[in-house]
Amino acid sequence: MMITVDSLVLYVSDIKLSEAFYRQLFQCEAAQLSPTFVSMKCANNISIALKQNTALTPPSCITGGGSEISIMQPSQEAFLALYDTWKLLDIEFAQVPQAEGYGASFVVLDPDRHRIRVFTSDKV
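Conventions we followed
Residues numbered from 1 in each chain as written. Predicted model: local features only at pLDDT ≥ 70, side-chain atom pairs only at ≥ 80, totals over all residues. Heavy atoms only, no water. Patch = residues over 30% accessible without salt bridge, like charges linked within 9 Å, V, L, I, M, F, W, Y side chains within 5 Å. Areas by Shrake-Rupley, 256 points an atom, 1.4 Å probe, with all protein chains shown as cover. Salt bridge = Lys/Arg side-chain N within 4 Å of Asp/Glu carboxyl O. Helix = DSSP H or I, 4+ residues; strand = E, 2+ residues; numbered from the N terminus. Buried < 20%, exposed > 50% of the residue type's maximum accessible area, 1.4 Å probe, protein only. Disulfide = S-S within 2.5 Å. Expected span 1.5 Å × (residues − 1). Arc of directions from axis to C-beta. Polar contact = N/O pair within 3.5 Å; in protein donor to acceptor, adjacent residues only side chain to side chain. Contact = heavy atoms within 4.5 Å. Pairing = 2+ DSSP bridges. Axes fitted to C-alpha atoms, helices over the stretch in contact; angles between N-to-C directions.

Colleague: Help me understand a nonpolar patch on the surface in this model?
Modeller: A cluster of nonpolar side chains, Val-5, Leu-8 and Ile-46, forms an exposed patch at the surface whose accessible area comes to about 220 Å². The topology assignment puts Ile-46 in the loop between β3 (37-41) and β4 (47-52). Classification of Ile-46 by relative accessible area gives partly exposed; the value is 30%.

Colleague: Would you mind showing me how to read the state of the cysteines here?
Modeller: Inspection of every chain in the model, using the stated rule, returns one disulfide. The disulfide that involves Cys-28 links it to Cys-42, with 2.5 Å between the sulfurs. Placement of Cys-28 in the loop between α1 (15-26) and β2 (30-34) and of Cys-42 in the loop between β3 and β4 is noted, with a sequence separation of 14 residues between them. A relative accessible area of 9% means that Cys-28 is categorised as buried.

Colleague: Please explain α1 as it appears in this structure.
Modeller: Along an α-helix, residues three or four apart share an orientation, since each turn contains 3.6 residues. If you check α1, its first and last C-alpha atoms are 16 Å apart, about what twelve residues at 1.5 Å a residue would give, namely 16 Å. Taken as a whole, α1 has its buried residues at Ile-15, Ser-18, Glu-19, Phe-21, Tyr-22, Leu-25 and Phe-26. End-on, the buried residues of α1 take up no more than an arc of 160°, which puts them together on one face. For α1, the side-chain oxygen to backbone nitrogen distance between the N-cap and Lys-16 is 3.2 Å, and the N-cap itself is Asp-14. Looking at the residues trailing α1, positive phi occurs at Gln-27, about 55°.

Colleague: Is there a simple way to think about the side chain of Gln-52 in this case?
Modeller: Within the secondary structure, Gln-52 is located in strand β4. Ignoring sequence-local partners within four residues, the contact set of Gln-52 consists of Val-12, Ser-13, Asp-14, Ile-15 and Thr-36.

Colleague: Explain helix α2 (residues 76-87) here, please?
Modeller: For α2, spanning twelve residues, the distance from its first C-alpha to its last is 16 Å, which sits close to the expected 16 Å at 1.5 Å a residue. Residues Phe-79, Leu-82, Tyr-83 and Trp-86 constitute the buried set of α2. Buried residues of α2, seen end-on, are gathered within an arc of 100° and therefore sit on one face of the element. Here the buried face of α2 lies against α1, β5 (68-72), β6 (92-100), β7 (103-109) and β8 (115-120).

Colleague: How should I be thinking about the sheet that holds β6 in this particular structure?
Modeller: Strands belonging to one sheet form pairs held by backbone hydrogen bonds; the direction of such a pair is parallel or antiparallel. Spatially, β5-β8-β7-β6 is the arrangement adopted by the four strands of the open sheet, whose pairing is mixed. Two strands in the sheet have a free side with no partner beyond their single neighbour: β5 and β6. Each neighbouring strand pair of the sheet contributes to a mean axis angle of 15°, computed without reference to strand direction. Bridge count for β6 against β7 is six bridges, and the pairing is antiparallel. Bridge pairing in β7 links Phe-93 to Val-108. Contacts between α1 and the sheet are confined to β5, β7 and β8, with β8 contributing the most and set at about 10° to the helix.

What follows is the structure, given as structure tokens:
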């Protein structure tokens with residue numbers, strides 16, 4: 001039997017700041033499940049959840065940056081259009097579009113420095 005992954009949980013230092021960031025970036029609504037936990041259905045098959053890092057059970061010392069959220073774009077045009085749209089937002093880019101062995105990618109950082117990589121298999 002194959003397991004179905006329901007959500008990806010990111011530990012954040014400021015739940016309201018991170019919620020606003022992801023709502024703006026992904027253009028999706030958030031459901032506050034508790035004062036320290038927010039879930040956003042941003043795709044058909046998975047949710048992104050945000051958990052206040054001071055309210056973890058059991059406690060964790062893990063912080064952002066050790067993994068990536070990966071977003072595939074179906075074409076070079078869609079890839080560049082999303083880049084141009086996100087350039088208009090007040091967000092930090094860790095990497096501008098560049099050629100990779102598999103196509104092209106760019107990377108943005110959330111307020112806790114979690115990476116969001118957008119890629120296409122088309123060459124840019």
